[in-house]
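Residue-level structural notes
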Amino acid sequence: MRSLFISKISPNSACLLSNFRFRIPIAALRSFTFSSFHRSPPPMPPRMAMVSHVDSEGPLARRLWNKCRRESIFSMYTPFCVCLACGTLDVDTFRHVVDQDVHFLKAFAQAYELAAECADDDDAKHSINELRKAVMVDLKRHASFVKEWAAEGGKESPINPATVKYTDFVLATALGKIEGDKGLGNLATPFERTKLAAYTLGAITPCMRLYAYLATEFKGALGADHGNHLYKTWIENYASKDFEESAARTEDILEKLSATLTGEELDTIEKLYHQAMKLEQEFYCSQPVSQKTVVPLIKDHNPATDRLVLFSDFDLTCTVVDSSAILAEIAMVRAPKPDQTQPDDQITRMSSADLRNTWGVISRQYTEEYEECIDKIAPPATEEFKYEDLCTALEQLSDFEKRANNRVVESGVLKGLNFEDIRRAGERLIIQDGCFNFFRTATKSENLNVGVHILSYCWCADLIRSSFNSGGLLTQVTIHANEFAFEEAVSTGDLVRKVESPIDKVNAFRKILENYGNDRKNSTVYIGDSIGDLLCLLEADVGIVVGTSSSLRRLATQFGVSFVPLYPSVVRKQRSLTEETECSWKGLSGVLYTVNSWAEIHAFVLGCEN
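Residues numbered from 1 in each chain as written. Predicted model: local features only at pLDDT ≥ 70, side-chain atom pairs only at ≥ 80, totals over all residues. Heavy atoms only, no water.

- In the nomenclature of an unreviewed UniProt entry, the chain is known as Bifunctional TH2 protein, mitochondrial of Cucurbita argyrosperma subsp. sororia.

Section: the state of the cysteines
- Under the defined criterion, the tally for this structure stands at one disulfide.
- Linked covalently through their sulfurs, Cys-285 and Cys-608 form a disulfide whose S-S length is 2.0 Å. Placement of the pair is Cys-285 in helix α13 (residues 263–286) and Cys-608 in the segment after α24 (598–605), with a sequence separation of 323 residues.
- On the basis of relative accessibility, which here comes to 22%, the residue Cys-285 falls in the partly exposed class. (Disulfide = S-S within 2.5 Å. Helix = DSSP H or I, 4+ residues; strand = E, 2+ residues; numbered from the N terminus. Buried < 20%, exposed > 50% of the residue type's maximum accessible area, 1.4 Å probe, protein only.)

A word on unusual backbone geometry
- The peptide bond linking Val-295 to Pro-296 adopts the cis configuration, its omega dihedral lying at -10 degrees.
- For Ala-489, which is not a glycine, the phi torsion comes out positive at approximately 70 degrees.
- Here Ala-489 is to be found in the loop between β7 (483–487) and β8 (490–496).

With respect to helix α23 (residues 566–576)
- Among the residues of α23, those classed as buried are Leu-566, Tyr-567, Pro-568, Ser-569, Val-570, Val-571 and Gln-574.
- Residues of α23 that are buried make contact with α5 (69–76), α6 (79–86), α10 (190–222), β11 (562–565), β12 (591–595) and α24. (Contact = heavy atoms within 4.5 Å.)

Side note on the sheet that holds strand β4 (residues 415–418)
- An order of β4-β8-β7 is seen for the three strands of this open sheet, with the pairing classed as antiparallel. Each end of this open sheet is capped by a strand with a single partner; those strands are β4 and β7. Taken pair by pair, the neighbouring strands of this sheet meet at an average axis angle of 55 degrees, ignoring direction.
- Direction of pairing for β4 relative to β8: antiparallel, over a ladder of two bridges. If you follow Lys-415 over to β8, its bridge partner there is Thr-492. (Pairing = 2+ DSSP bridges. Axes fitted to C-alpha atoms, helices over the stretch in contact; angles between N-to-C directions.)

Some thoughts on the packing of aromatic side chains
- Under the defined criterion, the tally for this structure stands at 34 aromatic pairs.
- Among the aromatic side chains, those forming a connected cluster through ring pairs are Phe-80, Phe-104, Phe-108, Tyr-166, Phe-169, Tyr-211, Phe-218, Trp-234, Tyr-238, Phe-243, Phe-283 and Tyr-284.
- Here the basic side chain of Arg-70 rests over the ring of Phe-74, its NZ or CZ set 4.2 Å away from the ring centre.
- Of note, Lys-505 hangs over the ring of Tyr-457, and the distance from its end group to the ring centre comes to 5.1 Å. (Phe/Tyr/Trp six-rings, centres within 6.5 Å; stacked < 30°, edge-to-face > 60°. Lys NZ or Arg CZ within 6 Å of the ring centre and 35° of its normal.)

Points about the sheet that holds strand β3 (residues 306–312)
- What the seven strands build is an open sheet, ordered β6-β5-β3-β9-β10-β12-β11; its pairing is parallel. Every other strand in the sheet has two partners, leaving β6 (477–480) and β11 as the edge strands with one partner each. Geometrically, the sheet is characterised by an average inter-axis angle of 25 degrees between neighbouring strands, direction not taken into account.
- The pairing of β11 with β12 spans four bridges and is classified as parallel. Its bridge partner lying in β12, Phe-563 is registered against Leu-592.

Here we look at helix α20 (residues 502–516)
- For α20, with 15 residues, the first-to-last C-alpha span of 22 Å sits near the 21 Å given by 1.5 Å per residue.
- Inspection of α20 places Pro-502, Asp-504, Lys-505, Val-506, Ala-508, Phe-509 and Ile-512 among the buried residues, and these make up the whole buried set.
- If you follow the buried residues of α20, they end up packed against β3, α16 (387–411), β5 (450–455), β6, β9 (521–528) and α21 (534–539).
- Where α20 ends, the next residue or the one after it, Gly-517, has phi of about 80 degrees, a positive value. (Expected span 1.5 Å × (residues − 1).)

Points about the pairing of β3
- With seven of its seven residues buried, β3 lies for the most part within the structure.
- Along β3, one buried face is formed by Asp-306, Leu-308, Leu-310 and Ser-312 and the opposite face, lined by Arg-307, Val-309 and Phe-311, is buried too.
- Note: β3 against β9, seven bridges, orientation parallel. Looking at the pairing, Leu-308 lines up with Ser-523 of β9.
- The pairing of β3 with β5 spans five bridges and is parallel. Paired with Phe-311 across the strands is His-453, a residue of β5.

Brief notes about the nonpolar core
- Ranked by internal contacts, the top residues of the largest apolar core, which has 150 residues, are Phe-439, Phe-468, Tyr-567 and Phe-604.
- Broken down by element, this core gets its largest block of residues, 18 residues, from α10.
- Beyond its immediate stretch of four places on either side in the chain, Phe-439 contacts Ser-312, Cys-318, Val-452, Ile-454, Phe-468, Leu-473 and Trp-598.
- By size, the runner-up hydrophobic cluster in this structure holds 36 residues, among which are Ala-393, Tyr-526, Leu-535 and Leu-552. (Core = buried A, V, L, I, M, F, W, Y, C linked by side-chain atoms within 4.5 Å.)

A look at the pairing of β5
- Burial analysis of β5 places five of its six residues in the buried class, the great majority of the element.
- Summarising the sheet, β5 and β6 pair through four bridges and their orientation is parallel. Bridging from a neighbouring strand, Leu-455 pairs with His-480 of β6.
- Of the crossover connections in this fold, the one passing from β5 over helix α19 (residues 461–470) to the parallel β6 is right-handed. (Right-handed = clockwise from strand over helix to strand, strands pointing away.)

Considering the environment of Asp-121
- Along the chain, Asp-121 falls in the loop between α7 (91–118) and α8 (122–149).
- A polar atom in the side chain of Asp-121 sits 2.8 Å from the backbone nitrogen of Ala-124. (Polar contact = N/O pair within 3.5 Å; in protein donor to acceptor, adjacent residues only side chain to side chain.)

Description of the side chain of Asp-541
- By the element assignment, Asp-541 lies in the loop between α21 and β10 (542–546).
- Lys-586 is the oppositely charged side chain nearest to the buried, salt-bridge-free Asp-541, at an N-O distance of 5.4 Å.
- Beyond its immediate sequence surroundings of up to four residues, Asp-541 is in contact with Asn-522, Ser-523, Thr-524, Trp-585, Lys-586 and Gly-587. (Lys, Arg positive; Asp, Glu negative; His and termini not counted. Salt bridge = Lys/Arg side-chain N within 4 Å of Asp/Glu carboxyl O.)

Given below as structure tokens:
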């Protein structure tokens, strides 16, 4: 039984289905009835990180930063940054990066000087000169920092190729050498010169924001446990109020310089910003780390002896909208009108009005009984992880889900759905940003022995197949879900039941691993978002929770399950790792790891080189 029902169909739906640009409009989404316990809409910040579009409002720098979240997360999960965050980074590696900072600062100072010369507005010119002065102060302060960490003999590290790429990019931008922009050949007018100043700030701003972001994340991951941190001074410098204000000033100047630019010119700034972020990510990825690390998860993977098995839920884990909403939308739009005569040779269907009313009754009944079931199976809270008790409790929830599915089948609401409609709807499902790219990267890697399995309550596996086929992944992914029964490409209303409950899911999970056998060492990752995924999340070596399902947390914590953010957990594991120990991720630990995006999952599991 799905957790999401439609209480009313939007007036736009008929047109929506007729041309099959099947991206559910906001008006339609507002008409859906969400179960307040099973899949309640999460707070905006965590969920927005999972949605595949970026808010178009707000300051320019914030919009650009949000569009480049992937690069910032991939940078944060590099072995270099994880080791720096926990304080165990090899000193020689740290010295090398400190030396590279000097090259960055010198390039910024030169770029600011050129930008100030271009700025027509006196206030903007003054602000840019102030930024340049701040960089010169940083250079002096950095000189003492370099001296403190200098290698024996005072020998400087050679400049890193990734450093050269970024500094060359910044200076080329400041000189007007911008790929694809043909309007900078003549800087005779004040407007043209100001535009170049804006472009220069667009290439520098992301570096400032990224340093502030990383240092703040490092400090947050450490919490109060950083008193003896080897690189405490570095972290506190970039996480300081002063550096944040400096980054914010750079963003404010970018905003002012861009105020009069055209849409095409703003697109150029976005491209420059994104290119700068990619170069920053490349810089962090390129830093040599000789010590053992916990990231990426596949770092020691040998395809001859190891196997990575990736499992994922589908609805609201891979997708933005629950599949039951899509199927209900199709059913209601395609249902006959009350006065419409149905052909004798077709499956008899209820009218659109009756269908809408029936959906409403089923939805209300499901929501009420679901809440009662959760209340019934939730014991008094305990700090001890009690997996067997949780399994027993979820057996009762599984019985409830199967009874609910019986009601759906008996009601006839699934009768008459056309296979072609379902296929087209699946092709146009909105997928969470980064989801398909993660699976595509994993399955195409020649250095991985990997299997990918989708375990879903979805009533119609063909909807999932169509979605993955549109992403070019159908042959790489095995889908385990319920099936519609069809007669001549039209659904009969019956279900071929395969995965209806938490117990069904975990049994399928175990069976898949059993079928793989013991010819290789199996490492398992399960990605999910709801109570239906709970047992699989816990049995996997790494259980990753996306979204913020209140019902999942509410029930799981009653049985002693802990939810912890993934990145701080990675930092803690790295801090305790030694050359003599092995980093182990083992199932049934009672700990689940939370993320805000698929980029985190990708960076953690596969790393930035994939």
